[in-house]
Amino acid sequence: MSQSDIPIRHDLPQVSLSLYSHGLDLDQTLTSGQAFSWKKTADGRWRGWIDRKPCLVWSQGDALRAVGPGLTSELVSRYFGLDMSMPEVFSTFPNDEWLDRARAFAPGLRILRQEPWETLCNFICSSLKQIVQIEQINHELRRAFGDPVGEGLHSFPEPMRMAQATDAQLRECRLGFRARHLYVAARQVASSEVSLDRIEAMATPQARETLRQIQGVGEKVANCILLFAYGRKEAFPIDVWVERVLRQLYFKGSSRVSHERLRDFAESHFGPCRGYAQQFLFHWIRKDPKALPPGKTGSTKKKRVKRMPRATEI
């Protein structure tokens, strides 16, 4: 029996929240490359973690239902961003044909508000990895270093536990060269050299620079953590997929546009909720083979061809 098929006790508290005005689509959201500990069950529900609590969630009519130990309406609502007014978010978007198409492709896609430490680890591990590989690493870290919580499940390991691991033990979790990054990051967080709790109260530029003090965290990873853990909707991660869509749809496929120019364009063009715009574009370009129209494939000059990421690669 796989972890996703492990039954959950029916005597646990159940939360039910209205989705009438929100439009959350669980499938679109949980497969969009922002979370890596969710698995779909045989009956179509989703098993994962909210606030370090194991749970089962599913949509039923216009309601979102969740069951798990210690769950509350507030925790579930915050995790799935149901406290965010999506009409207000959309009202800040520019008049943009490409963004409109991306939204139409996955209208129920929403940004999650995840636990910062696990989010930090996931995105440190994301370099040159496919989504399924990041999910495997997450599972292996839980199995090797997490605490059993019943029903064959393991919590995500605390920073101190990971800081006590050996390089060999971490590499057994399919980390490769990322093992050193994760080990040093765990020591930095466990020792409070970098406090993830204090980041919550920081302005976004300061929070970004603080995160970049952590081993293995560059600009892209810092923005992912800010967007997917701290709810900073102005954070705009630029990975290989987002860089591709920006260059080809907004800069006529030019390879001469610098990363700094792309970043400045994103900040000015997509507005204060640009993190949401980024996630719609990211999911669209990865999932829709017809996302790029004919004639938007860049220069035709002969040059060394860079390998494009696979469909699931971060």
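Residues numbered from 1 in each chain as written. Predicted model: local features only at pLDDT ≥ 70, side-chain atom pairs only at ≥ 80, totals over all residues. Heavy atoms only, no water.

Enquirer: Residue-level account of the pattern of salt bridges, with values.
Expert: Taken as a whole and assessed by the stated rule, the structure comprises 13 salt bridges. Its salt-bridge partner being aspartate 51, residue lysine 53 comes within 3.0 Å of it at the nearest N-O pair. Look at aspartate 51 and you get partly exposed, because its relative accessible area is 41%. Taking the shortest distance from any N to any O, the salt bridge between arginine 247 and glutamate 243 comes out at 2.9 Å. Of this pair, arginine 247 and glutamate 243 both sit in helix α13 (residues 240–250), separated by 4 residues, roughly a single helical turn. Of the residues examined, glutamate 243 reaches a relative accessible area of 26% and is grouped as partly exposed. (Salt bridge = Lys/Arg side-chain N within 4 Å of Asp/Glu carboxyl O. Buried < 20%, exposed > 50% of the residue type's maximum accessible area, 1.4 Å probe, protein only. Helix = DSSP H or I, 4+ residues; strand = E, 2+ residues; numbered from the N terminus.)

Enquirer: Describe the packing of aromatic side chains, listing the residues and the values that go with them.
Expert: Counted by the stated rule, this structure contains 12 aromatic pairs. Taken together, a centroid distance of 6.0 Å and an interplanar angle of 50 degrees make the contact between tryptophan 38 and tyrosine 79 tilted. Remark: tyrosine 79 occurs in helix α2 (residues 73–79) and tryptophan 38 occurs in the loop between α1 (26–30) and β2 (39–40); sequence separation between them is 41 residues. On the basis of relative accessibility, which here comes to 5%, the residue tyrosine 79 falls in the buried class. Here the aromatic cluster, defined as three or more aromatic residues joined through ring pairs, consists of Phe236, Tyr250, Phe251, Phe265 and Phe270. Seen from the ring of tryptophan 58, arginine 45 lies directly overhead, with NZ or CZ sitting 4.8 Å from the centre. Note that arginine 142 overlies the ring of tryptophan 49, its terminal NZ or CZ placed 4.4 Å from the centroid. (Phe/Tyr/Trp six-rings, centres within 6.5 Å; stacked < 30°, edge-to-face > 60°. Lys NZ or Arg CZ within 6 Å of the ring centre and 35° of its normal.)

Enquirer: Tell me about helix α4 (residues 97–105), and name the residues and values.
Expert: Buried residues of α4: Trp98, Leu99 and Ala102, and no others. Along the axis of α4, the buried residues cluster in a sector spanning 95 degrees; they form a single face. Where α4 begins, the side chain of aspartate 96 points an oxygen toward the backbone nitrogen of tryptophan 98, at a separation of 2.8 Å. (Arc of directions from axis to C-beta. Polar contact = N/O pair within 3.5 Å; in protein donor to acceptor, adjacent residues only side chain to side chain.)

Enquirer: Tell me about the sheet that holds strand β4 (residues 53–60), and please be specific about residues and values.
Expert: The 5 strands lie next to each other as β1-β5-β4-β3-β2, forming an open sheet whose pairing is antiparallel. Two strands in the sheet have a free side with no partner beyond their single neighbour: β1 (14–18) and β2. (Pairing = 2+ DSSP bridges.)

Enquirer: Please give an account of the layout of surface pockets that cites residues and values.
Expert: Size it by volume and the second largest pocket reaches roughly 230 Å³. At the level of secondary structure, the elements contributing two or more residues to the lining of the second largest pocket comprise α5 (116–124) and α10 (196–199). (1 Å grid on protein atoms, 1.4 Å probe; cavity = no way out; pocket = protein on both sides within 12 Å on 5 of 7 lines; lining within 4 Å. Points joined across faces, edges and corners; volume = space filled by probe spheres on them.)

Enquirer: Go over the pairing of strand β5 (residues 63–67), please, and point to the residues and values.
Expert: With 4 of 5 residues buried, β5 lies mostly within the body of the structure. Examined bridge by bridge, β1 and β5 share 5 bridges and lie antiparallel to one another. By the bridge assignment for β5, leucine 17 is matched with leucine 64. Pairing between β4 and β5: 5 bridges, direction antiparallel. In the sheet register, glutamine 60 faces β5, and the bridge partner there is alanine 63. Linking β4 to β5, which pair antiparallel, is a turn of 2 residues; within it glycine 61 sits at a positive phi near 65 degrees.

Enquirer: Talk me through empty space enclosed by the protein; I want residue IDs and the actual numbers.
Expert: On inspection of all chains with the given rule, the structure shows 3 cavities of 30 Å³ or more. Considering only enclosed or pocket space, the largest cavity measures out at about 110 Å³ in volume. Along its surface, the largest cavity is lined by 14 residues, and Trp49, Tyr79, Gln114, Glu115 and Glu118 are the ones closest to its centre. Only β3 (46–50) and α5 provide two or more residues apiece to the lining of the largest cavity. The element best represented in the lining of the largest cavity is α5, accounting for 3 residues. Here the residues of the lining of the largest cavity sort into 6 nonpolar, 4 polar and 4 charged. In this structure, the second largest cavity encloses a volume near 90 Å³. Cys224, Phe228, Asp239, Gln278 and Phe282 are the residues nearest the centre of the second largest cavity, which is lined by 12 residues in total. (Nonpolar A, V, L, I, M, F, W, Y, C, P; charged D, E, K, R; others polar.)

Enquirer: I'd like a description of unusual backbone geometry, backed by residues and values.
Expert: Phi angles above zero are rare outside glycine, and serine 192 is one such case at about 65 degrees. Note on placement: serine 192 falls in the loop between α9 (178–190) and α10. Phi at lysine 252 takes a positive value of approximately 55 degrees, unusual for a residue other than glycine. By the secondary structure assignment, lysine 252 is in the loop between α13 and α14 (259–269). The exposure class of lysine 252 is exposed, given its relative accessible area of 77%.

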